[in-house]
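Structural overview for review
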Amino acid sequence: MINKPKGTVDLTDRKARIWKYVEEVIDSVMEKYNYNYIRTPIFESTELFHRGIGDATDIVTKETYDFKDRGDRNITLRPEGTAGVVRSYIENKMYGTHNLPVKVYYNGTMYRYERPGKGRLRELSQYGVEVMGSNDPLMDAEVISLAYNINKMLGLTDTVVHLNSLGDKESRDNYRKALKDYFELHLDDLCADCKERFVKNPLRIIDCKVDSDKDYFREAPKIIDYLNKESKDYFDKVCEYLDILEVKYVIDPKIVRGLDYYNHTVFELMTEESKLALGGGGRYDNLVKMLDGPDTSCVGYAVGLDRLVDELIDRNLITNIRDDIDAFIMYVNEDEKKNAIYLANELRMSGFVVETEYNNKGLKSQFKRADYFNSKYLIILNSDDLNEGLITIKNNKTKEEEKIMMEYIIYYFDEHLSDDNLEIGEECCHHHDHE
């Protein structure tokens, strides 16, 4: 038997339906905020990620899936979404429009070769947002509130945004020097990864999961104390706008984000109950230029869908997922089967969820199948009734039966089922005009 690769999952049954629902909520909210969907390739030139994410990050040094294609080109499966979106922004000259900022969102699979665990997969899914062409602190606040509001709509009302600022280049350079001076005194104590970070990217030491509980870590310099006036004013504005947007946040000096290209605002979405980081992001004003595009201010975030869906399931927060069908059509002979095919098609095209028999089993077996699908109604066909244009409809809950004219079936279900089918988050509704 061939099994799925390590670090991947099959999405089936209820979890797949919850996943689909979450995606529908995301799509719906993005539409309200006027963000356009963007889709970029799953594999890109290796150079894009080495330049775009940075050679000093764990993602590029340890986790990317790199290979040579048949044309001897260096190709990498995307480990995150931002670099590909920025490449698309530059290649498609999206900056050549008066309609800045460009606001887009994506939803797709990423690939990282790391040790699999709960909420950490080798094929992972993320949805994310990128806004290119605005250096207004309002844009940071909107992006954060967008992520926050999606969580709230999904039932994660205990979401708190952990917020920090990396400041501008001057602020970061001052802070980097202070960090190096400080951690030089504790160099022997640092884990192997942090010793490497000390040389390449000392800001990443703050992000360390191994040493973070040690006393000297807690007393390390905080970037907030090294912000120049311009950076501090920018951060204060972001906080002010978040207050107006009623986003619950705390200022957390430990949030630095692992990727090299961030500046000013950085944030993570945390849940209070499970202390789980679901995603994060921030402002990155240098990446477009680093990838040979025009100087462009950007802000964005990404959320792990695997982690998000697991959290919703663990806390039983999605209760409105449909696990029934509207009708099961039953028959026993070929003539009845043809009518069943016709009726199923009519009802489905009118927006109802319908199932029928595909293995020519007897009525007893069909009753069991209807129960398996939690069918609200049974449509029972028999040749004598059909000769008179009649069908039998049985309410599977009350067990009441009635005969109606076959041509009235859509009207019948419009009257008896339409209100039941309107679920929270469902954009389409079953109203039909039959004039």
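These figures come from a predicted structure and were not determined experimentally.

1. Observations regarding the overall build of the protein
- Each helix and strand counted, the protein has 15 helices and 16 strands in total.
- Dimensions of the protein along its principal axes, counting C-alpha atoms only, are 90 × 55 × 45 Å.
- By residue count, 52% of the 435 residues in the protein fall in the buried class.
- The contacts in the protein between residues at least 6 apart in sequence include a share of 69% that link residues at least 24 apart.

2. Section: the packing of helix α1 (residues 13-32) against helix α11 (residues 305-314)
- Taken N-terminus to C-terminus, the directions of α1 and α11 make an angle of 115°; their axes are 10 Å apart at the nearest point. Viewed along their axes, α1 and α11 adopt a mutual orientation that is roughly perpendicular. As for the relative orientation of α1 and α11, their crossing is right-handed in sense. When α1 is examined against α11, the residues K15, I18, W19, V22, E23 and I26 are found in contact with a partner set consisting of L305, D306, L308, V309, D310, L312 and I313.

3. Notes on the confidence of the model for the protein
- Residues at a pLDDT of 70 or more form 93% of the protein, whose mean pLDDT is 90.
- Low pLDDT, under 50, characterises residues 421-435; the stretch is placed with 26 contacts to residues that sit more than four places away or in other chains.

4. Considering the packing of aromatic side chains
- For the structure on display, the rule yields 15 aromatic pairs.
- Seen in terms of ring centroids, Y65 and Y113 are 5.6 Å apart; in terms of plane orientation they differ by 75°. Their pairing is edge-to-face. Linking Y65 in strand β3 (residues 65-68) with Y113 in the loop between β5 (102-111) and β6 (123-132), this pair joins segments that are 48 residues apart in sequence.
- Ring plane angle 90° and centroid distance 6.1 Å describe the contact between Y377 and Y412, whose orientation is recorded as edge-to-face. Here Y377 is found in strand β14 (residues 375-380), whereas its partner Y412 is found in helix α15 (residues 409-417), with 35 residues between them in sequence. Residues Y377 and Y412 agree in their burial class; the two are buried.
- Within the aromatic cluster, the residues linked to one another by ring pairs are F352, Y377, Y412 and F413.
- Looking at R122, its charged tip hangs above the ring of Y113, at a distance of 3.9 Å from the centre.

5. Notes on the sheet that holds β3
- Here 3 strands make up an open sheet; going across it, the order is β2-β4-β3 and the pairing antiparallel. The sheet is open, and its two edges are formed by β2 (43-45) and β3, each paired on a single side. Sheet twist, expressed as the average angle between the axes of neighbouring strands with direction ignored, equals 35°.
- Sheet analysis places β2 next to strand β4 (residues 74-77), joined by 3 bridges and oriented antiparallel. Of the residues in β4, the one forming a bridge with S45 is I75.

6. Examining the packing of α1 against helix α5 (residues 137-153)
- Running from N to C, α1 and α5 point in directions that differ by 135°, and their axes come no closer than 10 Å. As the angle between them shows, α1 and α5 are arranged oblique. Both α1 and α5 take part in a crossing whose hand is right-handed. Contact residues: V25, I26, V29 and M30 in α1; L146, I150 and M153 in α5.
- Taken together, the residues that form the contact of α1 with α5 break down as 7 nonpolar, no polar and no charged.

7. So, the sheet that holds strand β11 (residues 298-304)
- In space, the 8 strands of this open sheet follow the order β1-β5-β6-β11-β10-β9-β7-β8, with mixed pairing throughout. Every interior strand has two partners, whereas the edge strands, β1 (36-37) and β8 (249-251), have only one.
- Across 5 bridges, the pairing between strand β10 (residues 276-283) and β11 is antiparallel. Within β11, the residue paired with G281 across the bridge is Y301.

8. Points about the pattern of salt bridges
- Under the defined criterion, the tally for this structure stands at 28 salt bridges.
- With its nearest N and O atoms 2.8 Å apart, the salt bridge here joins K15 to D310. Placement of the pair is K15 in helix α1 and D310 in helix α11, with a sequence separation of 295 residues.
- For D252, the salt bridge is made with K254, and the minimal N-O distance between the two is 3.7 Å.
- Of the residues examined, K254 reaches a relative accessible area of 53% and is grouped as exposed.
- The structure contains a network of salt bridges with shared partners spanning D158, E273, E311 and R315.

Rules behind the numbers
- Residues numbered from 1 in each chain as written.
- Predicted model: local features only at pLDDT ≥ 70, side-chain atom pairs only at ≥ 80, totals over all residues.
- Heavy atoms only, no water.
- Helix = DSSP H or I, 4+ residues; strand = E, 2+ residues; numbered from the N terminus.
- Buried < 20%, exposed > 50% of the residue type's maximum accessible area, 1.4 Å probe, protein only.
- Contact = heavy atoms within 4.5 Å.
- Axes fitted to C-alpha atoms, helices over the stretch in contact; angles between N-to-C directions.
- Parallel < 35°, antiparallel > 145°, perpendicular 65-115°, else oblique.
- Left-handed = near helix turned anticlockwise from the far one by under 90°.
- pLDDT = per-residue confidence, 0-100.
- Phe/Tyr/Trp six-rings, centres within 6.5 Å; stacked < 30°, edge-to-face > 60°.
- Lys NZ or Arg CZ within 6 Å of the ring centre and 35° of its normal.
- Pairing = 2+ DSSP bridges.
- Nonpolar A, V, L, I, M, F, W, Y, C, P; charged D, E, K, R; others polar.
- Salt bridge = Lys/Arg side-chain N within 4 Å of Asp/Glu carboxyl O.

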